[in-house]
Amino acid sequence: MTTLQERPNTALLVVDVQNDVVGAAYDRDAVVANIAALVERARREEVPVVWVQHADEDMPKGSDLWRIVPELTPHEAEPLIHKNYGDSFEDTTLEKVLSGLGVGRLVVAGASTDVCIRSTLHGALVRGYDTLLVADAHTTTDTSAYGSPPPEQVIAHTNLYWSHQKAPGRTAGIAAAADVDLGGGADR
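Structural notes, computed from the coordinates.

Calculation notes
Residues numbered from 1 in each chain as written. Predicted model: local features only at pLDDT ≥ 70, side-chain atom pairs only at ≥ 80, totals over all residues. Heavy atoms only, no water. Pairing = 2+ DSSP bridges. Helix = DSSP H or I, 4+ residues; strand = E, 2+ residues; numbered from the N terminus. Axes fitted to C-alpha atoms, helices over the stretch in contact; angles between N-to-C directions. Contact = heavy atoms within 4.5 Å. Expected span 1.5 Å × (residues − 1). Buried < 20%, exposed > 50% of the residue type's maximum accessible area, 1.4 Å probe, protein only.

## Quick word on the sheet that holds strand β6 (residues 172-175)
Phase 1 of the analysis: Pairing within the open sheet is parallel, and its six strands lie in the order β3-β2-β1-β4-β5-β6. Strands at the two margins of the open sheet, each flanked by one partner only, are β3 (80-83) and β6. Shown here is a sheet whose adjacent strand axes are inclined to one another by a mean of 25°, direction ignored.
Phase 2 of the analysis: In this sheet, strand β2 (residues 49-54) lies alongside strand β1 (residues 9-15) in parallel orientation, the contact comprising four bridges. Following the sheet pairing, valine 15 is matched in β2 by valine 52.
Phase 3 of the analysis: Against the sheet, helix α5 (residues 151-162) touches β5 (130-139) and β6, its axis set at about 160° to β5.

This is the structure:
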């Protein structure tokens, strides 16, 4: 259904599951476990796994804070995209990597729900990708002291509004990790 011509493949996009980003995140262990299960399933089904890793002045590249959590280990052959902005496409090689893999559909998991996940979802949809958010494989930290809702509400709201996204010639939606079709069928 994607508007990207000649790109029938699906990729699992794992966004910013790094020590600093998820260290104090809501339901961290369950979310990381769901992502790990998806990664292993994608590898078994020969679906590309693409990793995204954020860096900024508070989380410098190469630091322990910047590293992907120890429960998840990218394989050498799996693309690793380095970014400095919320949208994983912005000023990165992500589009080039996905084009080379023939990917027109993304299954998105990771952190932080209210920043990089939302930005990447919207970035993908406006660039022509079908986008599926894994409802129980994204998380965020509690910033309610600054006026935002508690993390469980941020996650629930993101799942709610992404389940109703629409764009001409593209699909968007959500699915629980156990129900995700990595081949591009039933949950679309």
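Having seen the model, we can carry on.
## Focus on helix α4 (residues 113-126)
Phase 1 of the analysis: Look at α4: 18 Å from first C-alpha to last across 14 residues, which is about the 20 Å you get at 1.5 Å a residue.
Phase 2 of the analysis: Listed in full, the buried residues belonging to α4 are Thr113, Cys116, Ile117, Thr120, Leu121, Gly123, Ala124 and Leu125.
Phase 3 of the analysis: Against the buried residues of α4 lie β1, β3, β4 (103-111), β5, α5 and β6.

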